[in-house]
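# Close look at the chain arrangement
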Amino acid sequence: MSLDGKVAIVTGSGRGLGLAYAQELARQGASVVVNDVDAATAAEAVASIEGTGGKAVAVVAPVGSTETAKQLVRTAVDTYGRLDILVTNAGVLRDTVLWKMSDDDFDTVIGVHLRGTFTTVREAAIHLREQGEGGRIITIGSPTGQRGTFGQTNYAAAKAGIVGMVRTWAQELKKAGITANVVIPVAATAMTATVPYFAAAVEADAAGEPMPAFFRHDLGFGTSDDVAGLVAYLASDAAAGVTGQAIGVGGDRLQLWSHPEPVVTAYRDGGWTYDALEDEFPTLVGESLQSVGERFPALPEELQRPRP
Ligand SMILES: NC(=O)c1ccc[n+]([C@@H]2O[C@H](COP(=O)([O-])OP(=O)(O)OC[C@H]3O[C@@H](n4cnc5c(N)ncnc54)[C@H](O)[C@@H]3O)[C@@H](O)[C@H]2O)c1
């Protein structure tokens, strides 16, 4: 198995995508530190891994603080003797438009996703550098972090911030042989269950039926298991040369995202005054303005569901 002898931490792995990552890493031979805020789901996750012959231990603690980050790394080392892989998956949503978003909505989402990714990766990096055998940091982004989504100021900030940190970590951790990447998943989970556009797919998944091809292929929307293979691949020795990347996966689709590059570069001796911009901006830049938001194809009629 590709991850024999390796030790992984997966945050927020009691259910949903995190659970699928933990199970797949264990299937590939890794011992796994499962983490969640909910003790019962964490215990079930551990039991599901042990039930198929894998090794797992639970840490029930909220990701965000340095204290939890230390507890996660300490548990990996105390229980299994080392750490090789960290997957920062824990997440929550507090969606609402900007003008209705409270400080608490903002801080909660930033605290779990952005701060939680920072504190756990920092702790893992300290240990992996000391251990001296390289390692794998796999963070979790979102299409929202790449393109922005109406009603998700907090989540967009957190997920875009995670990609920004990974671009930095890929440089900082390179010498130590530690890769850092972002996986951008799309899957039917509790988090997407309430999005009306995905209703027919979530319905099929809940009934144990195959998801319609429109979702799997055109939208790249599938099950949590569809995402887990990429996480295990990035964790493996086979992906030693892959770092600093944002890779999307869902259903039947795999995508490598570009990082931002200037699309127009222009020079003017003496700099760009207001008058110069008024003259030249519309032709120089105005014709290359960038789009925002995800582009969703129209739902075929048979897959439309009434809004709840
Ligand atoms: N489902 C999707 O299509 C999708 C798309 C893009 C990104 N994501 C990201 O994938 C990750 C997992 O999402 P999901 O869809 O499986 O959601 P989910 O709600 O099903 O699972 C999230 C898990 O994280 C746990 N959690 C929440 N706060 C925590 C904390 N502070 N500490 C530890 N655990 C905590 C929850 O209890 C839950 O078990 C999230 O980072 C999410 O933003 C999901």
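Refer to the structure printed above.
Residues numbered from 1 in each chain as written. Predicted model: local features only at pLDDT ≥ 70, side-chain atom pairs only at ≥ 80, totals over all residues. Heavy atoms only, no water.

## Side note on the nonpolar core
A general trend in soluble globular proteins is that nonpolar side chains are found buried together. This is how the line gets drawn: Buried Ala, Val, Leu, Ile, Met, Phe, Trp, Tyr and Cys residues form a nonpolar core when they are joined through side-chain atoms within 4.5 Å. Accessibility here uses a 1.4 Å probe with only protein chains present; expressed as a share of the type maximum, an area under 20% marks a residue as buried, one over 50% as exposed, and anything in between as partly exposed. Counting from the N terminus, the helices are DSSP H or I runs at least four residues long and the strands are E runs at least two residues long. Should any heavy atoms of two residues lie within 4.5 Å, those residues are counted as being in contact.
Ranked by size, the top nonpolar core spans 34 residues in total, and within it Tyr21, Leu25, Val34, Val87, Ile138 and Val183 carry the most contacts. For this core, the secondary-structure elements that each account for two or more residues are strand S1 (7-10), helix H1 (16-27), strand S2 (31-36), helix H2 (39-51), strand S4 (85-88), strand S5 (135-140), helix H9 (224-235) and strand S7 (246-250). With residues near it in sequence (within four places) discarded, Val183 still touches Ile138, Thr139, Ile140, Gly141, Val227, Leu230, Val231, Leu234, Ile247 and Val249. Grouped together as the second largest cluster of nonpolar side chains are 29 residues, Ala76, Ala90, Val112 and Leu173 included.

## Regarding the site of the ligand
Cut-off, in case you're wondering: Here a residue is considered near a molecule or strand provided that any single heavy atom belonging to it is located within 4 Å of it. What qualifies as a polar contact is a pair of N or O atoms within 3.5 Å, subject to a donor-acceptor requirement within protein and to the restriction that residues adjacent in sequence count only when both atoms come from side chains. Areas reported as accessible are Shrake-Rupley estimates using a 1.4 Å probe. Residue values count occlusion only from the protein chains shown. Three residue categories are used. Nonpolar comprises Ala, Val, Leu, Ile, Met, Phe, Trp, Tyr, Cys and Pro, charged comprises Asp, Glu, Lys and Arg, and polar comprises the others, including Gly.
Near the ligand, the surroundings consist of 28 residues, among which Arg15, Asp36, Val63, Tyr155 and Thr189 are the closest. Contact distances for the ligand include 2.9 Å between an oxygen atom and a backbone N or O atom of Leu17. The backbone of Val63 places a nitrogen or oxygen atom 2.8 Å from a nitrogen atom of the ligand. Here the ligand, which alone exposes 830 Å², has 93% of that area covered by the protein. For the shell around the ligand, the elements supplying multiple residues, two or more each, are H1, S2, helix H4 (103-131) and helix H6 (153-172). Residues that form the shell around the ligand fall into these classes: 15 nonpolar, ten polar and three charged.

## A short note on the packing of helix H3 (residues 66-80) against H4
Counted only if it meets this: Axis geometry follows a simple rule: fit a line to the C-alpha atoms, using only the stretch in contact for helices, then measure angles between N-to-C directions, giving values from 0 to 180 degrees. An angle below 35 degrees is read as roughly parallel, one above 145 as roughly antiparallel, one from 65 to 115 as roughly perpendicular, and any other as oblique. Crossings are classed by handedness, with left-handed meaning an anticlockwise turn of the near helix from the far one by less than a right angle and right-handed meaning a clockwise turn.
Between H3 and H4, the least distance of the axes is 8 Å, while the angle of their chain directions is 40°. By the angle between their directions, the pair H3 and H4 is classed as oblique. In this structure, the crossing between H3 and H4 has a hand that is right-handed. Packed against H3, whose contacting residues are Thr66, Ala69, Lys70, Leu72, Val73 and Val77, the element H4 presents Arg115, Thr119, Thr120, Arg122, Glu123, Ala124 and His127 at the interface. Of the residues that constitute the contact of H3 with H4, the class distribution is five nonpolar, four polar and four charged.

## A look at the packing of H1 against H2
The N-to-C vectors of H1 and H2 enclose an angle of 25°; their axes lie 10 Å apart at closest approach. As judged from the angle between their axes, H1 and H2 are roughly parallel. Remark: the crossing between H1 and H2 carries right-handed chirality. Where H1 approaches H2, its residues Leu19, Ala22, Gln23 and Ala26 are matched on the opposing element by Ala45, Ser48 and Ile49. Residue classes in the contact of H1 with H2 are distributed as five nonpolar, two polar and no charged.

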